[in-house]
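One letter stands for each residue in the lines below.
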Amino acid sequence: MTSAHPDGAEPPVPPDTGGAVPLDPDGLWSNIERRLFATNAFFRLWAAQFTTGLGDWLGFLAITVTAARVGGGSPETAVGIVMAARLIPGFFFAQVAGVLADRWDKRRLMVVCDISRAAVLLVLPFVDTVWQLVLVSLALEAFTLLWIPAKESMVPSIVPREHLTTANSLSMVATYGTFPIAALVFVGLARGADAIADVEALDFLRIDQESLGFYVDALTFALSAVLVASIPFHHSGRVDDGETRRLDFVGTFREMGEGVRFIVINPTVRAVNIGLATALLGGGMMVPLGIVYSEEVLGAGPAGFAGMQVALGVGLGLGVLVLTLLKKHVSKHRLFAGSVVGAGAALLVAASLGTLALVIIAIGVLGMFAGGVYVLGFTLLHEEVDEDLRGRVFAALYSVVRLCVVAAFVIGPLLAAGLDGASHRLVDRGVDVLGLDVYLPGVRLTLWLAGLIIMGAGVGAAWSLRSGRPASLRAVR
């Protein structure tokens, strides 16, 4: 097992101060900060992630509305093209971004990316065509792909090992819990835009709900840059090597190959990538198929689907909370694999039920396990990977995650349609089991298949994690 703090890296700062002056010495907030965030350094990093998470969701909403507006007679196509522009760079640039994050000073790289994203966002209010929106979206995504692995690589260097589970739980909240806040802010910006639009001196800013969203989004990235710049973090030293600062294409490809080999050979990294990716591939099918299941099987329509989404969110929160409370009493390796299996089983049960209330409960359980998979997966990678490889490892993980999400959105509906046709021809969409009529539409069969795939991935992850750990560690981890 590799060390979380390789030779040459700055050791973790003491948990009582974080290497910086507490925000509220001897006060209530100082105690909360030490207990919850472990270090002042991580609190600043988390605050930056929360701020950029809020900005990312706000920008996502504003860009979606802008794409529909400039799309003319084909708003759906315009939105699809722009969203594709946010996903495609990850397939081609993520590994290069991981190499650069491993080479360069992570704090400086994050600050540059935040400032660059803020500058790009200031251009968006003046975009009038879809292709311009696509170019701007590509630029935003490129800087985001650099920021993410640098951030993930920094975490184990500023957070004590025993606090990594809590740190990743908080990071999940900052990433996904900011969406409802951003939605409320975006709605409120409509009123703010109406008030500002009456000021003639500001006409050159093209103030409306979307443009005001872009301006606020740019402000969040500027604030994040200030927060990241204040983090007491020191790079491991590779940045002082002149060769690492040059864009050497041969060396870049060599380092990309090193990262891929490490991911394939290291059993923990391999298991986490397979477990997370497969869970997202199966669970992601709930997004396009959930509304279909609610309408065709449950007869609950959009209201039922909304209830399922709420249950999923509540389950995620409960899962993160339970993990935070039990982090010192559980084996992360076993619990990660068990959470993957549990998520698949919960999806299998949810797809087998025909009552909305029971489905909502099962979806909530699915959310609990999914939260565990996310937090434990990231924690295991933070613990097992040296700093000079973390950028490439997390960049690869995000590439796989994106690929699986896109595949779930595309494959899920196609597979459901194909299985529905087969079920109709073979069994007239239903069978009799011990006197009980079981309805078998394609959407239910697809979700069953997804659940089984996730459970299989969990079993494979458990085997990989156990086979790759020494016997002495199996008894204590």
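Within each chain, residues carry numbers counting from 1 in the order of the written sequence. Owing to the predicted nature of the model, reporting of local features is limited to residues with pLDDT of at least 70; listing and counting of side-chain atom pairs is limited to 80 or more, with chain, interface and lining totals taken over all residues. Only hydrogens and water are set aside when side-chain values are computed; all heavy atoms of the structure are taken into account.

A. Highlighting the nonpolar core. What makes a nonpolar core is a set of buried Ala, Val, Leu, Ile, Met, Phe, Trp, Tyr and Cys residues whose side-chain atoms join them at distances within 4.5 Å. Relative accessibility thresholds used throughout: buried, under 20% of the residue-type maximum; exposed, over 50%; partly exposed, between the two (1.4 Å probe, protein chains only). Within the largest apolar cluster, 84 residues are counted, with the highest numbers of intra-cluster contacts made by Phe-42, Leu-45, Ile-158, Phe-336 and Leu-447. Helix and strand assignments come from DSSP, with helices taken as H or I runs of at least 4 residues and strands as E runs of at least 2, each series counted from the N terminus. Sort the elements by how many residues they give to this core and helix α15 (residues 356-384) lands first, with 11 residues. For this analysis, residues touch if any pair of their heavy atoms sits within 4.5 Å. In this structure, Leu-45 is in contact with Met-110, Lys-151, Met-154, Val-155, Ile-158 and Ile-231, ignoring residues within four places of it in sequence. One finds Val-82, Leu-121, Ala-182 and Leu-212 within the second-largest nonpolar core, a separate group that totals 26 residues.

B. Representation of the pairing of strand β1 (residues 430-433) within the structure. The rule for pairing is simple: two strands pair if DSSP sees at least two bridges between them. When β1 meets strand β2 (residues 436-439), the two strands line up antiparallel, connected through four bridges. Paired with Val-433 across the bridge in β2 is Leu-436. The loop that links β1 with its antiparallel partner β2 comprises two residues; one of these, Leu-434, has a positive phi angle of about 55°.

C. Spotlight on empty space enclosed by the protein. Throughout, the protein atoms alone are placed on a 1 Å grid, and a set of points is a cavity if a 1.4 Å probe fits but cannot get out or a pocket if it is open with protein on both sides within 12 Å along at least five of seven lines; lining residues have an atom within 4 Å of a point. Grid points are joined across faces, edges and corners, and a volume is the space filled by probe spheres set on the points. Considering all chains together, one arrives at four cavities of 30 Å³ or more under this definition. In this model, the largest cavity occupies a volume close to 70 Å³. Elements represented by at least two residues in the lining of the largest cavity include exactly α2 (40-70), α4 (106-121), α5 (130-158) and α8 (209-229). Looking at the lining of the largest cavity, the element that brings in the most residues is α2, giving five residues. A class-by-class count of the residues in the lining of the largest cavity yields five nonpolar, three polar and four charged. Ten residue types, Ala, Val, Leu, Ile, Met, Phe, Trp, Tyr, Cys and Pro, are classed as nonpolar, four, Asp, Glu, Lys and Arg, as charged, and the remainder, Gly among them, as polar.

D. Molecular detail of the environment of Gly-55. Looking at where Gly-55 falls in the secondary structure, it is placed in helix α2. Separated by 164 residues in the primary sequence, Gly-55 and Leu-219 place their C-alpha atoms 8.3 Å from one another. The contact partners of Gly-55, leaving out residues within four places of it in the chain, are Asp-217 and Thr-220.

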